[in-house]
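A look at the structure
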Amino acid sequence: MKSSAQVVVIGGGVVGASVLYHLTELGWTDVVLVERKELTAGSTWHAAGGMHTLNGDPNVAKLQQYTVGLYREIERRSGQNCGIHMNGGLTLASDRERMDWLRMAQARGRYLGMDMEIISAAEAKAMFPLLEEQYFIGALFDAAEGHVDPTGVTRAYAGCARQAGAEIYQHTWVSDLRQRPDGTWDVVTDAGEIHAEHIVNAGGLWAREVGRMIGLELPVLAMEHMYLITEDMAEVAEYNAATGHELPMGMDFDGELYIRQEGGGMLLGTYEQACVPWSPRATPWTFDQQLLAPDLERIAPSLEIAFKHYPALASAGIKNVINGPFTFSPDGNPLVGPVPGVRNCWVACAVMAGFSQGGGVGLTLARWMVEGDPGEDIWAMDVARFGNWASLAYTNAKVRENYSRRFRITFPNEELPAGRPLHTTPVYDRLAAHNAVWGASFGLEHPLWFQRPGSEPREDVTFRRSNAFPVVAEECTTVRERVGLTECSNFAKYRVTGAGSAGWLQRLFTNRLPRVGRINLTAALDPDGHIVGEFSVARVGTDDFFLFGSQIAEAHHSRWFGAHLADGVRFDVLALSLVGLSLAGPGARDVLQSVTDASLATEDDPFMTFCRIDVGMIPAYVGRMTYTGDLGYEIWVAPECQRALFDLLWQAGQPYGIGLFGFRALMSLRMEKAFGTWAREYRPIYTPVQARMHRSLKLDHDFIGRAAVDAELARGPARTLGYFDITPDPAEPADVVGDEPIWHAGAVVGWVTSGAYAHYSRRSLAFGYVPTELAVPGAMFEVEIIGQRRPARLLSEPVLDPAGQRMRA
């Protein structure tokens, strides 16, 4: 065994083998994989091996597309049979909502080059004669689906990696990980130690245990999962003889099951409601290529539906029942990337759909390690999307919820209840008393909208306009015409202090730093000029700054700042040690002035001022800015003062017609002002030139990514962020939710990033990226919304107050 290596990958399942292979593909060949037993010995060996490209997130779907397309290549190069069966797949819908979801999935696939077809129930029956047509109304057919041999695929990855110089040590147990002061690692095994520059936790069922070796608690939980294989069936043999190929795969929403041909019989798996976590606190090291006891009674409700939907199964004998553990994260997506706060430590785990996603996970992690960037938009997989609030108990609750909803639709306006409420601010009870309908982001509860008194605070889930629509319209009117109050604690907040802080930040940010007592907006970029983050920067001293950003990216951005931290600079994550309330609307100044002695007149407190004042008896930092585009203030206080601040502002606002507004109204109001947002308009696959962030881009100083920005400005951006006015279907109006394709002249040319109905302006608006040559104000496009292509006009300016006079009043 080698005593040193550039990378040690821990875990020999399909994911670990894929990471090893992709590292060698990118030129890192001094790499080893360490597996405590044999390759595939955890959960890989008993997987059903299904693969598909369909995913609710188009960025994840793109990586699945890559994975499926990779198998022929590694089979050819390694000489290892991967057992590839490309028999296509049907996703079956039994009701209108599921058909709508399929239409939206088909639409998302258009700009990724996926050729998926909506078909009728009769056509699905012709393709899959075992199904009972009466239970379905249609389906989505994807030719790029099938199944593989899990062991063959893993060995093919390993074989290709070995050919490139990688080494694999089986029956070698990693028992400890020790980091040296220089950030390198000593990997302690029962066969000796390996000194490594980087380590990758691809431990699968043991990912938690590997994480605990360095004091890290990963949000991973294994669930028992069952599938059965029938005896050979005459119906299968007849189909094979008549067509010369296998039956297609089947995914049945209503039955919450998947089905495919296995040899001469059928394989049937289910994500049952009565789901059971396996070994929820610690995975035993003695577990080795073992299965769990079958429990057909637990999946009996699903089997009843299966026998109804596929009657031939009812009389088929059961040859085998597989019950094995698979790992899940709280939201069902993998955990990939550098561990925040730990140098040279990477994870690739909780990859539940390993044969759909394993290749993409290996590719992006290897790129991240070798090139410093994953090369794709993998925000949905980034381990930093969870904070330390994702405890063992939280993970257990969310994974059980996610598992039981595996084949259920999550609507764009749906908030799932498990593991909530977790984090709340001091005004939670105040807002609940006003009938708040709650959402959660990064573990924190925040009000979405405020139901009318006497009505249940609940939102009907839908792809169209919900019962919130008229109430949110009233909230928007309150803000635009009087004064609204909302909580703004759900921003990420950071404090940067120490000698040299100003110089450090200036080298990171695209905008010049504000003067003391002022705020401005800026971006941070990677060396290739892509957007790492978007922030408000408030300066309270020469080397003293508050930064405000997207809360969901708090761990993600903290990791980035930490990786660039300079000597003498202190970077603090304030989290909920600083909380806030925001006043917005033409009456905002009157309300706040009534409870402070500080002058808020424009000549004393102009737009984008940030200062320390007393609000009543409460010490506060107040920024004169709002995300609504109105005259307004963000008021930041210590958490022990927030309840008093709420009561004070609420009482002071009564003469001015104050009302509460939530996140739904905020999103509507920001669309009228054409304000973009992180994770939608601003993501690591876009540049500030493409995103039209010119006000945040000053070329009077050097910053990370400056050369790339200069080059793009010289040649012009390939795509540009557009702002669209859409004409909805008058019969059943629906607004965009994001990721819809944008059509022009009969072809898909771009995609929607976000949008909303702008209640005050009464227009359905959207942002989206299109080729720059087409981004001509007034140009007509179409946006595909739930299967309908609706007219969309490209706008040149915000639909409300384009000169920004309201917020500068």
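Notes on the structure follow. (Residues numbered from 1 in each chain as written. Predicted model: local features only at pLDDT ≥ 70, side-chain atom pairs only at ≥ 80, totals over all residues. Heavy atoms only, no water.)

**As for the overall build of the chain**
The criterion, for reference: Secondary structure follows DSSP: runs of H or I at least 4 residues long count as helices, runs of E at least 2 residues long count as strands, and numbering of each begins at the N terminus. All radius of gyration figures rest on C-alpha atoms, and the globule criterion is 2.2 Å times the number of residues raised to 0.38. Burial classification: accessible surface area is computed with a 1.4 Å probe over protein chains only, and a residue below 20% of its type maximum counts as buried, one above 50% as exposed, and the rest as partly exposed. Residue contacts are counted whenever heavy atoms from the two residues lie within 4.5 Å of one another. Only the protein chains shown count as covering a residue, and every accessible area follows the Shrake-Rupley method with a 1.4 Å probe. The positive count covers Lys and Arg only, the negative count covers Asp and Glu only, and His and the chain ends enter neither. All charge positions are set by atom: Lys at NZ, Arg at CZ, Asp at CG, Glu at CD.
Looking only at helices and strands, the chain features 19 helices and 38 strands. On C-alpha atoms alone, the chain measures out to a radius of gyration of 27 Å, which is about the 28 Å that the 2.2 N^0.38 rule sets for 809 residues. Based on the C-alpha atoms only, the size of the chain along its principal axes is roughly 85 × 65 × 50 Å. Going through the 809 residues of the chain one by one, you find that 60% of them count as buried. Contacts in the chain between residues far apart in sequence, at least 24 positions, make up 72% of those at least 6 positions apart. Total accessible area computed for the chain in this model is approximately 29,400 Å², and 50% of it derives from carbon and sulfur atoms. Side-chain charges of the chain comprise 71 positive and 95 negative groups, with the mean position of each set lying 4 Å from the other.

**Regarding helix H9 (residues 354–371)**
Quick reminder of the rule: Take the residue count of a helix, subtract one, and multiply by 1.5 Å to get its expected span.
When the terminal C-alpha atoms of H9 are compared, their 24 Å separation across 18 residues agrees well with the 26 Å that a helix rising 1.5 Å per residue should span. Burial analysis of H9 places 15 of its 18 residues in the buried class, which makes it a mostly covered element. One or two positions beyond H9, positive phi appears at Gly372, with a value near 85°.

**Notes on the sheet that holds strand E28 (residues 579–584)**
In plain terms, the rule: Pairing between strands requires that DSSP locate at least two bridges from one strand to the other. The axes are straight lines fitted to the C-alpha atoms, using for helices just the contacting stretch, and the angles between their N-to-C directions are given from 0 to 180°.
Sheet architecture is open: six strands sit in the order E29-E30-E31-E28-E22-E32, paired in mixed fashion. This sheet does not close on itself; its edge strands, each paired only once, are strand E29 (610–615) and strand E32 (658–660). Taken over all neighbouring pairs, the strand axes of this sheet differ in orientation by 30° on average, direction set aside. Note: strand E22 (residues 483–487) against E28, four bridges, orientation antiparallel. By the bridge assignment, Gly484 is partnered in E28 with Ala584. Contacting E22, E28, E29, strand E30 (618–623), strand E31 (632–637) and E32, helix H16 (residues 642–653) runs over the sheet at an angle of about 15° to E28.

**Some words on unusual backbone geometry**
Of note, the amide linkage connecting Arg420 to Pro421 takes the cis form, showing an omega dihedral of -10°. Inspection of the secondary structure puts Pro421 in the loop between helix H10 (392–404) and helix H11 (428–433). In this structure, Ala679 takes a positive phi of about 75° despite not being glycine. Its place among the elements puts Ala679 in the loop between helix H17 (663–672) and helix H18 (706–715). For Ala679, a relative accessible area of 11% translates into the label buried.

**Observations concerning the pairing of strand E34 (residues 741–744)**
Walk down a regular strand and you will see the side chains alternate between the two sheet faces. Alignment of E34 against strand E35 (residues 747–758), held across four bridges, turns out to be antiparallel. Residue pairing across strands places His744 opposite Ala747, the latter belonging to E35. A loop of two residues connects E34 with E35, the two strands running antiparallel in sequence, and Ala745 in this loop sits at a positive phi of about 55°. Bridge count between E34 and strand E37 (residues 780–785): two bridges; the pairing is antiparallel. Bridge pairing links Ile742 to Val783 in E37.

**Notes on the packing of helix H12 (residues 469–481) against H17**
For any two helices packed against each other, one specifies the crossing angle of their axes together with the interaxial distance. The condition that has to hold: Working definition: roughly parallel below 35 degrees, roughly antiparallel above 145 degrees, roughly perpendicular at 65 to 115 degrees, and oblique for all remaining angles. Handedness of a crossing follows from how the near helix is turned relative to the far one, being left-handed for an anticlockwise turn of less than a right angle and right-handed for a clockwise one.
Running from N to C, H12 and H17 point in directions that differ by 60°, and their axes come no closer than 9 Å. Here H12 is positioned oblique relative to H17, judged by the angle of their axes. The handedness of the crossing between H12 and H17 is right-handed. In this structure, H12 contributes Val472, Glu475, Cys476, Val479 and Arg480 to the contact, and H17 contributes Arg664, Ala665, Ser668, Leu669 and Glu672.

**Let's talk about helix H5 (residues 150–163)**
With 14 residues, H5 extends 20 Å from end C-alpha to end C-alpha; this agrees with the ideal 20 Å at 1.5 Å per step. A large share of H5 lies buried, amounting to 10 of its 14 residues. Within H5 the residues assigned to the buried category are Pro150, Gly152, Val153, Thr154, Ala156, Tyr157, Ala158, Gly159, Cys160 and Ala161. On the buried face of H5, the contacting elements are helix H1 (14–25), helix H2 (58–78), strand E8 (167–169) and H9. Count one or two residues on from H5 and you reach Gly165, which has phi positive near 115°.

**Observations concerning the sheet that holds strand E25 (residues 531–541)**
In a beta sheet, neighbouring strands pair by backbone hydrogen bonds and run either parallel or antiparallel. Strand order in the open sheet formed by five strands is E24-E25-E26-E23-E27, with antiparallel pairing between adjacent strands. With partners counted over all chains shown, the strands left at the sheet margins are strand E24 (519–525) and strand E27 (570–573), one partner each. With direction set aside, neighbouring strand axes in the sheet form an average angle of 30°. With four bridges connecting them, strand E23 (residues 491–497) and E27 associate as antiparallel partners. Each bridged residue has a counterpart across the sheet, and for Tyr494 the counterpart in E27 is Val573. Relative to the sheet, helix H14 (residues 554–563) contacts E23, E24, E25, strand E26 (544–550) and E27, its axis offset from that of E25 by approximately 75°.

**Remarks on the nonpolar core**
Cut-off, in case you're wondering: Among buried residues, those of type Ala, Val, Leu, Ile, Met, Phe, Trp, Tyr and Cys that are joined through side-chain atoms within 4.5 Å constitute a nonpolar core.
Counting residues in hydrophobic clusters, the biggest one holds 96 residues, and the most contacted among them are Val9, Leu23, Tyr71, Ile74, Val153 and Tyr157. In contact with Val9, other than residues within four places in its own chain, are Gly16, Val19, Leu20, Leu23, Val32, Leu33, Val34, Val200 and Ala202. Core analysis: the next-biggest nonpolar cluster, separate from the first, contains 32 residues, Val187, Ala196, Leu335 and Tyr394 among them.

**As for the environment of Thr40**
Topologically, Thr40 is positioned in the loop between strand E2 (31–34) and strand E3 (50–51). Classification of Thr40 as buried rests on a relative accessible area of 3%. Excluding residues within four positions of it along the chain, Thr40 makes contact with Gly12, Gly13, Trp45, Thr151, Thr154 and Gln289.

**Details of the packing of aromatic side chains**
Our working rule: Planes of paired rings set the category: under 30 degrees apart is stacked, over 60 is edge-to-face and the rest tilted, where pairs are Phe, Tyr or Trp rings (Trp by its six-membered ring) whose centres lie within 6.5 Å. Charges are assigned to positions over rings by a cutoff of 6 Å between ring centre and Lys NZ or Arg CZ, combined with an angular limit of 35 degrees from the ring normal.
This structure, assessed with the given rule, holds 39 aromatic pairs. Considering the side-chain rings of Tyr686 and Tyr769, the 3.9 Å spacing of their centres and the 20° angle between planes classify their relative orientation as stacked. One end of the pair, Tyr686, is in the loop between H17 and H18; the other, Tyr769, is in strand E36 (residues 763–771), and 83 residues separate them in sequence. According to the relative accessible area criterion, Tyr686 is buried, its value standing at 3%. Looking at Tyr769, the relative accessible area reads 0%, which means it is buried. Lying across the ring of Tyr271, Arg406 places its NZ or CZ 5.5 Å from the centre. The residue whose ring lies beneath Arg465 is Tyr757, and the NZ or CZ to ring-centre distance is 4.5 Å.

**A closer look at the packing of H1 against H9**
The test is simple: Residue type decides the class: Asp, Glu, Lys and Arg count as charged, Ala, Val, Leu, Ile, Met, Phe, Trp, Tyr, Cys and Pro as nonpolar, and the leftover types, Gly among them, as polar.
At their nearest, the axes of H1 and H9 sit 8 Å apart, and the two run at 40° to each other. Here H1 lies oblique to H9, going by the angle between them. For the element pair H1 and H9, the recorded crossing hand is right-handed. Contacts from Val14, Val15, Ser18, Val19, His22 and Leu23 of H1 reach H9 at Gly354, Phe355, Gly358, Gly359, Val361, Gly362, Leu363, Leu365, Ala366, Met369 and Val370. Residue composition of the contact of H1 with H9, grouped by class: 11 nonpolar, six polar and no charged.

**A closer look at the side chain of Thr522**
Here is the rule: A 3.5 Å cut-off defines polar contacts: any pair of N or O atoms within that distance qualifies, except that in protein one atom must be a possible hydrogen donor and the other a possible acceptor, and neighbouring residues in sequence count only when both atoms are side-chain atoms.
With respect to the helices and strands, Thr522 occurs in strand E24. Note on Thr522: relative accessible area 1%, which makes it buried. Within the structure, the side chain of Thr522 is placed 3.0 Å from the backbone nitrogen of Asn511, a separation counted as a polar contact.

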